[in-house]
Structures are given as structure tokens and as C-alpha cells.
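Coordinate inspection notes
Residues per chain, in single letters:
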Amino acid sequence: IGLWVDPRYCHPWSARDEAISLPANYTNAGGTLNQFLRFCAVGAVGFVIDASILQALVTGAHANPYAARIASFLVAASGTWLMNRHYTFEVSHRPTHAEWLRYIALMGLGALVNYSAFALCIAFWQVSHAQPWLGVAVGSISGLVVNFTASRLLFGCRGAALQPTSLGGPPDIL
């Protein structure tokens, strides 16, 4: 038919390679994604703390892996509390013992999921009995969503995410 197509519009970018702007109701989702990615980065550091302490207690001190996991988890959770409040959720007020206690309490459900998965791995997956960090990995992944949601509730999501969406719906907490 001979229709002429402007080559500047044959791809999703504008003529000057600028990103397409998103409607206002998508900006909160981007903030949530950024928070989730930062939460995952902090979680990776927490995993290294948790797994290192656990491995040292089990192989070096010959501690029971179940009891050692409780100690390693508390140390790692304390570290992630400080990192998440500062880096992920950018909390401006000073940390308090009461906030730490609330954080640990809210992480309780995630910890239960995390520890249950770990215990199942130790009990039924022979390789994780010799390499307990594998059980930590399975537990960490299983508790991730629970912990992220609880952290966003505790730290207030920098305000915007707890406000009603632009469509007038319920607050977006995920």
C-alpha cells in the first residue's frame, strides 16, 4: 500500500532515546521495586552473616545446628535491621531498642517460615546436614516475602506507599 513509517517510532523509545514516561499511578510500584531490590541486597549480606556464623558454630565449635541457627539468625537479623532502616527504607530517626524489638517480633513470622524450611532441609536433605548453609539458603528465600512485607509495615515505606493509590483504592503495602 506504500504507507510511510517514521523510523523514529519503530521502537518503544522516543526519537531522542528518552524513556517513556509512566502514568503517576506507576511511580509507587517503581519505588516498591527499588525497595525490594535493596531489601534483597541487605538480605544477601544478612545471609552471609547468618551462614558464616552458623558454619563456624557447627564445624568449629561442634554446636548443634538447630541451636546454632537461632544464634546466627539473631545476629544476622540485628545486622539487617540496621542496614534496612538506613539503606532500604531511609529511616531518619535514631534507632531505638524498642524499634529493634518490634523488628525482631515482626520478623518472627518470617523467621518461623525460615527456620521451618531450614529444619526440614537438615532433617530430610542429607547434603544440608554436612553443609548447613544450604538449609540457610532455602530458609532465607522462603522467608523473604514475609519479612519484606513486615519491614515495610514497620518502617512506614517512607510515607508514600501507605497512602491510598491515585485510583482511590486501598493503600499499597506491597
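Sequence order as written defines residue numbering, which begins from 1 separately in each chain. In view of the model being predicted, local features appear only for residues whose pLDDT reaches at least 70, and side-chain atom pairs are presented and counted only at 80 or more, with totals across whole chains, interfaces and linings using the full set of residues. Only heavy atoms go into the side-chain values, all of them from the structure, while hydrogens and water stay out.

Moving on to the packing of aromatic side chains. Centre distance within 6.5 Å is the pairing criterion for rings of Phe, Tyr and Trp, where only the six-membered ring of Trp is used; planes under 30 degrees apart are then read as stacked, over 60 as edge-to-face, and the remainder as tilted. Evaluation of the coordinates by the stated rule reveals 7 aromatic pairs. Ring-pair connections join several aromatic residues into one group, and the members of that group are Phe36, Phe39, Phe89, Tyr103, Phe148 and Phe155. Across from the ring centre of Phe118, 5.0 Å away, lies the NZ or CZ of Arg69, which sits over that ring. Placement of a charge over a ring requires the Lys NZ or Arg CZ to be within 6 Å of the ring centre, with the centre-to-atom vector within 35 degrees of the ring normal.

This part takes up the layout of surface pockets. In this analysis the probe radius is 1.4 Å and the grid spacing 1 Å, with only protein atoms considered; a cavity is a set of points the probe fits into but cannot get out of, a pocket is an open set with protein on both sides within 12 Å along at least five of seven lines, and lining residues have an atom within 4 Å of a point. Grid points are joined across faces, edges and corners, and a volume is the space filled by probe spheres set on the points. A volume near 400 Å³ is recorded for the largest pocket. If you go around the largest pocket, you meet 23 residues; those closest to its centre are Gly43, Phe47, Thr80, Ser140 and Asn147. Counting from the N terminus, the helices are the DSSP runs of H or I reaching at least four residues and the strands are the DSSP runs of E reaching at least two. If one sorts the elements of the lining of the largest pocket by residue count, helix α1 (residues 27-60) sits on top with 8 residues. Residues that form the lining of the largest pocket fall into these classes: 13 nonpolar, 8 polar and 2 charged. Residue polarity follows a fixed list, in which Ala, Val, Leu, Ile, Met, Phe, Trp, Tyr, Cys and Pro are nonpolar, Asp, Glu, Lys and Arg are charged, and the others, Gly among them, are polar.

Bringing helix α2 (residues 65-88) into the picture now. Between a side-chain oxygen at the N-terminus of α2 and the backbone nitrogen of Tyr66 the separation is 2.7 Å; the capping residue is Asn64. Phi turns positive one or two residues past the end of α2, at Glu90, with a value near 50°. Two N or O atoms count as a polar contact when they lie within 3.5 Å, although within protein this holds only if one can serve as hydrogen donor and the other as acceptor, and sequence-adjacent residues are included solely when both atoms are side-chain atoms.

Here, axes are lines fitted to C-alpha atoms. For helices the fit covers the stretch in contact, and angles between N-to-C directions go from 0 to 180 degrees. Contact pair α2 / helix α3 (residues 97-124): the axes reach a minimum separation of 10 Å and the direction vectors enclose 140°. As far as their axial angle goes, α3 and α2 are oblique. Helix-helix and strand crossings are classified by hand; for α2 and α3 the assignment is right-handed. Contact residues: Pro65, Tyr66, Arg69, Ile70, Phe73, Leu74, Ala77, Ser78, Thr80, Trp81, Asn84 and Arg85 in α2; Glu99, Trp100, Tyr103, Ile104, Ala111, Asn114, Tyr115, Phe118, Ala119, Ile122 and Ala123 in α3. Looking at the contact of α2 with α3 residue by residue, the classes come out as 16 nonpolar, 4 polar and 3 charged. When describing relative orientation, an angle under 35 degrees is termed roughly parallel and one over 145 degrees roughly antiparallel, while 65 to 115 degrees is termed roughly perpendicular and anything else oblique. Put simply, a crossing is left-handed when the front helix is turned counterclockwise from the back one by less than a right angle, and right-handed when it is turned clockwise. Residue contacts are counted whenever heavy atoms from the two residues lie within 4.5 Å of one another.

In this section: the environment of Gly143. Mapping Gly143 onto the fold places it in helix α5 (residues 133-155). Sequence spacing of Gly143 and Ser116 is 27 residues, and the spatial spacing of their C-alpha atoms is 9.7 Å. With residues near it in sequence (within four places) discarded, Gly143 still touches Gly110 and Val113.

Turning our eyes to something else, we now look at the pattern of salt bridges. A side chain with one charge may pair with a side chain of the opposite charge, provided their charged atoms come close. By definition here, a salt bridge exists when the distance from a side-chain nitrogen of Lys or Arg to a carboxyl oxygen of Asp or Glu is within 4 Å. Tallied over the entire structure, the rule returns 2 salt bridges. Across the pair Glu99 and Arg85 runs a salt bridge, and its minimum N-O distance is 2.5 Å. Residue Glu99 is found in helix α3, and its partner Arg85 is found in helix α2; the two are separated by 14 residues along the sequence. Relative accessibility under 20% of the residue-type maximum defines a buried residue, over 50% an exposed one, and the middle range a partly exposed one, all with a 1.4 Å probe and only protein chains included. The buried category is assigned to Glu99, whose relative accessible area is 2%.

Two numbers describe how α3 lies on α5: the axes approach to 7 Å, and their chain directions differ by 155°. Overall, the two elements α3 and α5 adopt an arrangement that is roughly antiparallel. Here α3 and α5 pass one another in a crossing that is right-handed. Residue composition of the contact of α3 with α5, grouped by class: 15 nonpolar, 9 polar and 2 charged.

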